[in-house]
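# Overview (structure and organization)
Letter by letter, the chains look like this.
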Amino acid sequence: MPELDLPQRQATDTLMLTGFWYRALPADRVHRNQLHKATLLEIPLVIGRDRQSRPFALRDGCPHRGMPLNSGKFDGENLECPYHGWQFDVHNGQCQLIPSLTSDQTMKVDRIYAGSYPCEEQDHFIWVYIPDPPPPGAGFTKPAEAGEPAPTIEKFSPNYKLAYLQAEMPVSIDHGIIGLMDPAHGPFVHQAWWWRTRHSIHEKQKNFEPIPNGFRMSAHTPSSNSAPYRLLRLYAEADSISTTIDFVLPNIRTETIRAGKYWFSSLTTVTPITRSRCRIDVVAAWNLFRWVPLMPELLKFVFGKFVEQDRRTMEMQAEGLKHNPHLMLIDDADRPAKWYFQLKAAHLDAKRTGQPMKHPMPGPVTLKWRS
Ligand code: FES
Ligand SMILES: [Fe+2]
């Protein structure tokens, strides 16, 4: 029997990838001169905006004695630790003042840093770059640089609407991601009288191709279980509608639907909060129905339903996972999940060896399943 016909044991791998941008908080929740707590990859962060509204992210622990900085005093520029009053520049983390020093004590205050992270605002979210762990000697570490800007949603016209949704789930990022790319749960999890029932299940065939750091479901006419599709039919002929879905490491799924001059574009991320907790953030942009009242609300309702169904499913799954069961990945429905694990392994390999990443997909692949 060819190897691919056998179910494959799923690696229990909850490794979280550093060296990438992650969504930390919705931008509209972070106000000027306020401090917010967030956790990314088990790193406690304090996030805020300076006087000019520029966002920043610091490790939420003072390099002196570990005091959380989120309860400190913030003047719009420097953050003062509530324990001994050391002050840090919020953008680079550099220490500005140690109040206990006397005038003849010449300690070099500016050599001390509270960990600071590159931080950007993009499409309704504050993104934070989590670098590879610094060499030992924390407290004197200058902020890392992100090699590239935070990811953005692709937009195809200057005017559009934007909305986001989020849900937190008690499972590792891996389960969050393979749940997101799993085509077979649709008819069982996403049932609704106005949408589909489990009897609508039918055979599907999709083409996939490798792309840098990920894979693409090649442009195709969307199947009727893609959310905005039915609405799009009001605007364009079915055969002029095309959709492309990409997954790229560490956690990004983008979906683009185009129908003539109309488009819908989304960027979904599954963010590791801790090893056993993740959060799904869906941000969508579109230029359809901009004049239809309540359309954003309707889209939010439809997507919100789907996300809530996924969240509830994963909450139940987490119960089962507590007992450390053996799991499996089957072909073809779980092949994208296999690629995800292989991509992750290849990425780590490339990092370790310094060699270019060896993509796990040899070329285009056609997958078949029923959903
Ligand atoms: S713990 Fe922050 S100043 Fe001492
Ligand atoms: Fe789902």
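Below: a short report on this structure. Computed from a predicted model, the values in this text were never measured in an experiment.

Our focus in this paragraph is the packing of aromatic side chains. This structure, assessed with the given rule, holds 14 aromatic pairs. Taking the centre distance of 6.4 Å and the plane angle of 20° together, the rings of Phe264 and Trp286 count as stacked. Of the two residues, Phe264 sits in strand 18 (residues 262-274) while Trp286 sits in strand 19 (residues 277-286), which places them 22 residues apart along the sequence. The exposure class assigned to Phe264 is buried, which follows from its relative accessible area of 2%. Note on Trp286: relative accessible area 2%, which makes it buried. Feature note: the residues Phe208, Phe215, Phe247, Trp339, Tyr340, Phe341 and Trp369 constitute an aromatic cluster, connected by ring pairs. A cation over a ring is seen here: Arg258 above Phe156, with NZ or CZ 3.9 Å from the ring centre. It is Lys300 that lies over the ring of Tyr164; its NZ or CZ is 5.3 Å from the centre.

The strand order across the open sheet built from eight strands is 13-19-18-17-16-15-14-21, with neighbouring strands paired in antiparallel fashion. Unpaired on one side and paired on the other, strand 13 (161-169) and strand 21 (365-370) mark the two borders of the sheet. Direction aside, the axes of adjacent strands within the sheet are offset by 20° on average. Here 10 bridges tie strand 18 to strand 19, and the two strands are oriented antiparallel to one another. Paired with Val270 across the two strands is Ile280, which belongs to strand 19.

Let's shift gears to a nonpolar patch on the surface. On the surface, a nonpolar cluster with roughly 280 Å² of combined accessible area is contributed by Leu234, Tyr235 and Val292. Residue position: Leu234 is located in the loop between helix 3 (229-232) and strand 16 (241-248).

On to the pairing of strand 12 (residues 125-130). For strand 12, the tally of buried residues reaches six of six residues, placing the bulk of the element in the interior. Of the two faces of strand 12, the one holding Phe125, Trp127 and Tyr129 and the one holding Ile126, Val128 and Ile130 are both buried throughout. As paired elements, strand 11 (residues 119-122) and strand 12 share four bridges and run antiparallel to each other. Of the residues in strand 12, the one forming a bridge with Glu120 is Trp127.

Conventions adopted
Residues numbered from 1 in each chain as written. Chains lettered and ligands numbered in written order. Predicted model: local features only at pLDDT ≥ 70, side-chain atom pairs only at ≥ 80, totals over all residues. Heavy atoms only, no water. Phe/Tyr/Trp six-rings, centres within 6.5 Å; stacked < 30°, edge-to-face > 60°. Helix = DSSP H or I, 4+ residues; strand = E, 2+ residues; numbered from the N terminus. Buried < 20%, exposed > 50% of the residue type's maximum accessible area, 1.4 Å probe, protein only. Lys NZ or Arg CZ within 6 Å of the ring centre and 35° of its normal. Pairing = 2+ DSSP bridges. Axes fitted to C-alpha atoms, helices over the stretch in contact; angles between N-to-C directions. Patch = residues over 30% accessible without salt bridge, like charges linked within 9 Å, V, L, I, M, F, W, Y side chains within 5 Å. Areas by Shrake-Rupley, 256 points an atom, 1.4 Å probe, with all protein chains shown as cover. Salt bridge = Lys/Arg side-chain N within 4 Å of Asp/Glu carboxyl O.

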